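Read off the chains here:
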Amino acid sequence: IENNIFHSIKMAAVSLEMGVSDSIIRNNLAFNNQQLVVFWWYDSAYADIVPYSQDNIKIINNTVYVSDRLYDGSPNGNSPIHYNHDNSERVLNAGITANNHEIRNNIFITQSAGIFRFQKMYFLKSPCTPPIIENNIVYHDTGVDEKILFLTSSDLTSHYYNLAEFESYHENFHNNKF
């Protein structure tokens, strides 16, 4: 997905669901959307729809602005990059992975949410490998770097991390600028 302008989309500009792999999202401009990319694994009521791994995805050289409001004026509290899955046994026991993800050289601006959101800690531990997140410029409209990473742990408590905490969270997170 290259050289596009995504704007005024109520959902994610790019939604990668249930097994999209070996993909590049590069050189796009996205603004006034709910978010840029959501990786989503969910348990469907349909037996034929099952979660698969989402490996080898690159998000490179994009410019993204996520407002605190959607195009229709409704509130938006979403992050530009969102890793999400539900807690169903089928998803958790499927052994799905999110490996070899690279998020590099992007500009991310947001008004109300963290830049990177990991809905569950699942994506930051085995069987997944945390994405390489490097050389991005990140900015939160408050002017402070207190909302760079947003995590929801298995007990459903949420935590925000500033840039220094974010980069010390995992060795794959480095050389990002606020």
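In what follows, the accompanying structure is described. The structure displayed is predicted, hence computed values, not measured ones. (Residues numbered from 1 in each chain as written. Predicted model: local features only at pLDDT ≥ 70, side-chain atom pairs only at ≥ 80, totals over all residues. Heavy atoms only, no water.)

So, the packing of aromatic side chains
- Applying the stated rule across the entire model yields six aromatic pairs.
- Joined through ring pairs, the aromatic side chains of Phe108, Phe116, Phe166 and Phe173 make up one cluster. (Phe/Tyr/Trp six-rings, centres within 6.5 Å; stacked < 30°, edge-to-face > 60°.)

So, the sheet that holds strand β9 (residues 101-104)
- Taken together, five strands build an open sheet; the order of strands is β3-β6-β9-β12-β16 and the sheet is parallel. Of all strands in the sheet, those bounded by a partner on one side alone are β3 (23-26) and β16 (173-174).
- Pairing analysis gives three bridges linking β9 to strand β12 (residues 132-134), with the strands arranged parallel. Residue pairing in the sheet places Glu102 in a bridge with Ile132 of β12. (Pairing = 2+ DSSP bridges. Helix = DSSP H or I, 4+ residues; strand = E, 2+ residues; numbered from the N terminus.)

A short note on the environment of Gln54
- By secondary structure assignment, the location of Gln54 is in the loop between β5 (35-41) and β6 (57-60).
- C-alpha separation for the pair Gln54 and Val20, spaced 34 residues apart in sequence, amounts to 5.3 Å.
- Among the polar contacts listed, one links the side chain of Gln54 to the backbone oxygen of Leu16, at a separation of 3.0 Å. (Polar contact = N/O pair within 3.5 Å; in protein donor to acceptor, adjacent residues only side chain to side chain.)

Some remarks on the nonpolar core
- Core analysis: the largest hydrophobic core is formed by 34 residues, its most contacted members being Leu36, Val37, Ile59, Ile81, Phe108, Phe116 and Phe118.
- The set of elements that each furnish at least two residues to this core consists of β2 (12-17), β5, β6, β7 (63-66), β8 (81-85), β11 (116-118), β14 (149-152) and α2 (163-169).
- Residues contacting Val37, with those up to four places away along its chain left out, are Val14, Leu16, Ile25, Ile59, Pro80, Ile81 and His82. (Core = buried A, V, L, I, M, F, W, Y, C linked by side-chain atoms within 4.5 Å. Buried < 20%, exposed > 50% of the residue type's maximum accessible area, 1.4 Å probe, protein only. Contact = heavy atoms within 4.5 Å.)

So, the sheet that holds strand β1 (residues 5-7)
- Strand order in the open sheet formed by five strands is β1-β4-β7-β10-β13, and the pairing between neighbours is parallel. Looking along the sheet, the strands with just one partner apiece sit at the ends: β1 and β13 (137-140). Strand-to-strand twist of the sheet, defined as the mean angle between neighbouring strand axes without regard to direction, takes the value 5°. (Axes fitted to C-alpha atoms, helices over the stretch in contact; angles between N-to-C directions.)

Digging into unusual backbone geometry
- Positive phi, normally seen in glycine, also occurs at Asn135, with a value near 60°.
- In this structure, Asn135 sits in the loop between β12 and β13.
- The partly exposed category is assigned to Asn135, whose relative accessible area is 35%.
- For Asn175, which is not glycine, the phi dihedral falls at a positive 60°.

What to know about the pairing of β8
- Of all the five residues making up β8, five are buried; the element is thus mostly covered by neighbouring parts of the structure.
- Residue alternation in β8 divides its side chains into two sets, Ile81, Tyr83 and His85 and His82 and Asn84, and both sets are buried.
- As paired elements, β8 and β11 share three bridges and run parallel to each other. For His82, the partnering residue across the bridge sits in β11 and is Arg117.

Here we look at the pattern of salt bridges
- Tallied over the entire structure, the rule returns four salt bridges.
- Notably, a salt bridge pairs Glu2 with Arg26, separated by 2.8 Å at the nearest N-O pair. With a gap of 24 residues between them, Glu2 in the segment before β1 and Arg26 in strand β3 connect regions that are remote in the sequence.
- Of the residues examined, Arg26 reaches a relative accessible area of 26% and is grouped as partly exposed.
- With its nearest N and O atoms 1.8 Å apart, the salt bridge here joins Glu134 to Arg104. Highlighted residues: Glu134 in strand β12 and Arg104 in strand β9, separated in sequence by 30 residues.
- When its relative accessible area of 11% is taken as the criterion, Glu134 is described as buried.
- Connected via shared salt-bridge partners are Lys58, Glu102, Arg104 and Glu134. (Salt bridge = Lys/Arg side-chain N within 4 Å of Asp/Glu carboxyl O.)

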